[in-house]
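Report on the structure
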Amino acid sequence: MSETERVTLVGNLTADPELRFTPSGLQVANLRLAVTPRIKDGDTWKDGETSFHTINVWRDQASNAAETLSKGARVLVVGRPKQRSWTDQDGTEHQVTEVDADELGPSLRWATAKVSRTNGRKPTGQVNEEPPF
């Protein structure tokens, strides 16, 4: 896979985002996304086969995702696919494809969201604070 290859996924979270920290203290959130295409069959629409994707979200965006999103939320993801492989203790080789998210957000097709700009830092918590733009 190319470093410049990008994918766009729209689907529903199968669980709340899981926020963790690397040994060096870097934030990472793992999300599981279910994507089900809609297929037109004559005059009706039906669900296609669901695919499941692991999404990795890094740094401040990881904590923002954990604070904002929850199981069942419809989200949009733009990111870079990444393959990872390893051999387990039994000698079995495994390979997975994950997506490192560049952008992540709620879908506004059937929901609303209130956006609070952080400018790369946590909000101060002042109720009437205006964003600096």
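Residues numbered from 1 in each chain as written. Predicted model: local features only at pLDDT ≥ 70, side-chain atom pairs only at ≥ 80, totals over all residues. Heavy atoms only, no water.

**A short note on the overall build of the protein**
Within the protein, the regular secondary structure consists of one helix and eight strands. Shown N-terminal to C-terminal, the secondary structure of the protein runs as helices and strands in the order β-β-β-β-β-β-α-β-β. Taking all contacts inside the protein whose residues are at least 6 apart in sequence as the whole, residues at least 24 apart take part in 57%. When the accessible surface of the protein is totalled, it reaches about 9700 Å², and 48% of it is carbon and sulfur. (Helix = DSSP H or I, 4+ residues; strand = E, 2+ residues; numbered from the N terminus. Contact = heavy atoms within 4.5 Å. Areas by Shrake-Rupley, 256 points an atom, 1.4 Å probe, with all protein chains shown as cover.)

**Looking at the environment of Asn12**
Mapped onto the fold, Asn12 is located in strand S1 (residues 7-13). Its relative accessible area of 28% is what places Asn12 among the partly exposed residues. In this structure, the C-alpha to C-alpha distance between Asn12 and Leu76, residues 64 residues apart in sequence, is 8.9 Å. With near-sequence residues (within four places) excluded, Asn12 lies in contact with Arg32, Leu33, Ala34, Gly72, Ala73 and Arg74. Among the polar contacts made by the side chain of Asn12, one reaches the side chain of Arg74 at a distance of 2.8 Å. (Buried < 20%, exposed > 50% of the residue type's maximum accessible area, 1.4 Å probe, protein only. Polar contact = N/O pair within 3.5 Å; in protein donor to acceptor, adjacent residues only side chain to side chain.)

**Comments concerning the nonpolar core**
Among the nonpolar cores identified, the biggest contains 16 residues, and Leu31, Leu33, Ile55, Val57, Val77 and Leu104 are the most heavily contacted of them. Looking at this core, the elements with two or more residues in it are S1, strand S3 (27-35), strand S6 (51-58), helix H1 (60-68), strand S7 (74-87) and strand S8 (93-106). Of the residues forming this core, the biggest block, four residues, is contributed by S3. Those residues in contact with Leu31 that sit more than four places away from it in its chain are Leu13, Pro17, His53, Thr54, Ile55, Val57, Leu69 and Leu104. (Core = buried A, V, L, I, M, F, W, Y, C linked by side-chain atoms within 4.5 Å.)

**Describing the confidence of the model for the protein**
Of the residues in the protein, 87% reach a pLDDT of 70 or more, and the chain-wide mean stands at 87. Under a pLDDT of 50 for its full length, residues 123-133 has, in the predicted model, six contacts with residues more than four places off or in other chains. (pLDDT = per-residue confidence, 0-100.)

**Considerations on the pattern of salt bridges**
Any two side chains of opposite charge can pair, on the condition that their charged atoms come close. Scanning the entire structure with this criterion turns up seven salt bridges. Between Glu18 and Arg20 there is a salt bridge whose closest N-O contact spans 3.6 Å. For Asp102, the salt bridge is made with Arg80, and the minimal N-O distance between the two is 3.1 Å. Of this pair, Asp102 sits in strand S8 while Arg80 sits in strand S7, placing them 22 residues apart in sequence. Several salt bridges share partner residues, and in doing so they unite Arg6, Arg80 and Asp102 into one network. (Salt bridge = Lys/Arg side-chain N within 4 Å of Asp/Glu carboxyl O.)

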